[in-house]
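Notes for the structure review
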Amino acid sequence: MCGIVGFVGKQDAAPILLDGLRRLEYRGYDSAGIAVCGEEGIAIAKSRGRLQVLSDATRGGADLPGVMGIGHTRWATHGEPNDINAHPHLSRSGKIAVVHNGIIENYMELKISLLEKGYTFRSETDTEVVAQLLDYYYEGCGDFFEALNCTLNAVDGAYALGIICADYPDRIYATRKDAPLLLGYGEGENYLASDVTALIRYTRDIVYMDDGEVAVLSDKGIRLYDRMLRPMEKEHHHIDWEIDAAEKGGYAHFMLKEIMEQPRAVREATAARIQDGRIVLSDLSMTPEQIRAIRKLYIVACGSSYHVGMVGKYNLERLLRRNVEVCLASEFRYSDPIVGEGDLVIIISQSGETLDTMAALREAKKRGARILSIVNVVGSSIARESHDVLYTWAGPEIAVATTKAYSTQMAVLNLLGLYFGDVMGTVDYETYENAVRGILALPEQMETILAKKDRIREMAKLCVDHDDVFFIGRNLDYALSLEGSLKLKEISYIHSEAYASGELKHGTISLIEDGTPVIALGTYAPLFDKAMSNVVEVQARGAKLIALTTDSHAAAMAERVDAVISIPDTEAMLLPQLGVVPLQMLAYYIALERGCDIDKPRNLAKSVTVE
Ligand code: M6R
């Protein structure tokens with residue numbers, strides 16, 4: 001989604017803004033722009049397309065001299081992606097420039113009232129309303145801070161805003177509601193950004209803004225105000241990951257790098273939480289009594305994080321012998337959910353900023369449920385609003401298509417399931433011990449799968465020229481197939497569907513024809529024979545079959561299918577942890593063969609901060 005950067009200091013702002021925006025490219029965007037306040041007021045450059053276009057057009061920022069400015073990468077919501085709709089938006093007086101992430105929901109009403117007052121609009125965006133409204137109030141009262149206050153009282157919706165005013169060429173104004181924004185503290189210079197990746201080259205001293213807060217940045221410092229606009233202080237966070245973590249490090253794509261990082265990421269997410277064969281969740285504040293008293297369990301998330309929840313449902317229900325409801329956050333929030341005191345809602349989110357997930361969290365919290373979140377980005381909104389957070393410690397994930405975040409979320413959810421099962425007394429000693437041993441072995445087993453990359457690349461050729469691919473599986477393999485299918489469609493643009501194998505014959509099998517690629521998952525041993533029958537069923541209709549199974553079933557599977565890839569045998573609950581790796585690689589190599597923009601797939605954003 002949209003990315004915001006801001007800089008105020010003593011050196012030229014434009015190259016720093018462009019560099020910051022480059023590091024936010026992974027969030028997804030379709031146009032970009034910068035506004036710099038120089039001696040002659042505010043100068044703006046913006047353009048549709050990649051950041052490089054903007055950089056070339058401004059000679060790397062040299063055409064916009066000035067030590068203070070704001071920048072933006074736009075992911076279009078209101079109005080098509082073009083130069084005019086790109087941010088920053090300038091007010092009628094030419095004195096105020098605004099960048100915005102989010103949606104101003106009452107923008108039409110505000111726009112009509114401004115039109116009646118004689119304002120005209122250049123763009124189709126909701127954001128321009130903010131610029132003109134600020135202009136209107138500022139003209140009326142002559143006090144910019146007061147004008148900002150009036151504007152914030154008038155707008156409804158979600159926003160992170162970076163604002164500059166030519167009358168105050170030494171200040172950036174920033175505020176947020178339901179969209180991420182953070183402040184970076186430097187020596188004689190200060191920064192604003194949507195996420196830390198934009199700032200890590202310049203500072204590691206960060207403050208996360210909360211809803212309703214306002215910040216005024218200058219080269220001398222940052223003044224912070226609470227939602228009543230009273231001056232306030234906030235806790236500073238030190239970012240300790242290395243800049244290399246957000247660089248490609250020799251890989252062709254971030255996605256490939258992040259696939260390859262999974263053994264390390266899973267080790268980090270789990271090893272420190274296992275001591276002498278026991279799972280120790282020291283970051284969990286729930287007491288054994290509270291755990292035993294849990295009335296109902298929900299898992300709420302979006303996209304791949306939801307798919308982790310689907311795997312979690314199978315595993316947690318087995319471990320805890322109780323119902324686990326998995327909900328799409330975008331549905332949960334509007335479903336008048338039957339959730340309340342005594343219930344535990346597990347929220348899963350890589351970014352910790354997904355708007356629907358955040359809204360679902362607030363809904364559940366409002367109704368009295370306890371919130372435990374599994375989050376990657378430290379200090380993100382979801383993490384801060386939860387009663388408990390288990391961080392996944394995957395490091396920054398840059399590719400839009402999630403890989404290591406998915407794996408670490410699943411690893412943490414498995415640990416949680418085993419821990420709860422132990423406390424609740426629903427997991428026997430042997431199951432617990434075997435699972436813990438299995439978890440510790442995962443990183444090494446993942447390495448053996450990664451070593452098969454050439455074979456997987458070869459298999460990818462079987463799908464490259466097709467428009468439709470089906471994934472089938474039962475039980476845990478079904479949950480895993482959902483993620484395999486999403487990975488493929490989001491980066492290769494091949495239509496694909498994931499089906500519970502038993503459902504095929506209730507309609508979908510009519511789509512299978514000569515040569516249709518079907519990726520059959522058969523890793524779950526208790527249902528291997530059933531998986532084989534479904535293989536035979538689609539083969540009889542002409543399907544071309546790629547199968548995923550375990551080493552011990554590879555030979556039997558190979559007799560029936562066109563290509564087979566196997567993963568090491570492990571405990572049933574851990575199979576998706578291994579099975580996802582070849583599916584990610586398959587999607588990656590198919591997209592590569594098709595020449596797709598793998599790290600920045602069309603229309604997608606890394607962190608979905610709008611509804
Ligand atoms: O940051 P989140 O985990 O909350 O994001 C949820 C989804 O947008 C995300 O998992 C998305 O489906 C993936 N980028 C797909 O690879």
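Here we summarise the structure given alongside this text. Predicted, not measured: the structure shown is a model, and the values here were computed from it.

Residue placement: P396 occurs in the loop between strand 22 (388–391) and helix 13 (404–424). Taking the C-alpha atoms as reference points, P396 and S55, 341 residues apart in sequence, are found 25 Å from one another.

Near the ligand you find 15 residues, and of these S305, S349, S351, T354 and E490 are the closest. Between the ligand and the protein, one listed contact pairs an oxygen atom with a backbone N or O atom of S304 at 3.1 Å. The side chain of S305 places a nitrogen or oxygen atom 2.6 Å from an oxygen atom of the ligand. Within the complex, the protein chains bury 91% of what would otherwise be the 410 Å² of accessible surface of the ligand. Those elements that provide at least two residues to the shell around the ligand are helix 9 (303–320) and helix 16 (476–492). Split by domain, the shell around the ligand shows at least three residues from each of two domains, domain 2 (249–449) and domain 3 (452–595).

Where burial is concerned, most of strand 4 (residues 68–74) is hidden: seven out of the seven residues are buried. Where burial is concerned, the two faces of strand 4 agree: the one with M68, I70, H72 and R74 and the one with G69, G71 and T73 are both buried. Across six bridges, the pairing between strand 1 (residues 3–8) and strand 4 is antiparallel. Within strand 4, the residue paired with F7 across the bridge is G69.

With that out of the way, let us pick up a negative patch on the surface. Residues D467, D468, E513 and D514 make up a contiguous surface patch of negative charge. Following the sequence through the fold, D467 ends up in the loop between helix 15 (453–460) and strand 23 (468–473). The exposure class of D467 is exposed, given its relative accessible area of 59%.

Okay, the sheet that holds strand 11 (residues 205–208) next. Overall, antiparallel pairing links the eight strands, which are arranged 3-2-4-1-10-9-11-15 in an open sheet. Looking along the sheet, the strands with just one partner apiece sit at the ends: strand 3 (41–48) and strand 15 (237–238). Here helix 1 (residues 13–24) sits on the sheet and contacts strand 1, strand 2 (31–38), strand 4 and strand 10 (190–193); the angle it forms with strand 1, its principal contact strand, is near 155°.

Conventions and cut-offs
Residues numbered from 1 in each chain as written. Predicted model: local features only at pLDDT ≥ 70, side-chain atom pairs only at ≥ 80, totals over all residues. Heavy atoms only, no water. Helix = DSSP H or I, 4+ residues; strand = E, 2+ residues; numbered from the N terminus. Near = heavy atom within 4 Å. Polar contact = N/O pair within 3.5 Å; in protein donor to acceptor, adjacent residues only side chain to side chain. Areas by Shrake-Rupley, 256 points an atom, 1.4 Å probe, with all protein chains shown as cover. Domains from an automatic or database assignment. Buried < 20%, exposed > 50% of the residue type's maximum accessible area, 1.4 Å probe, protein only. Pairing = 2+ DSSP bridges. Patch = residues over 30% accessible without salt bridge, like charges linked within 9 Å, V, L, I, M, F, W, Y side chains within 5 Å. Salt bridge = Lys/Arg side-chain N within 4 Å of Asp/Glu carboxyl O. Lys, Arg positive; Asp, Glu negative; His and termini not counted. Charge placed at Lys NZ, Arg CZ, Asp CG, Glu CD. Contact = heavy atoms within 4.5 Å. Axes fitted to C-alpha atoms, helices over the stretch in contact; angles between N-to-C directions.

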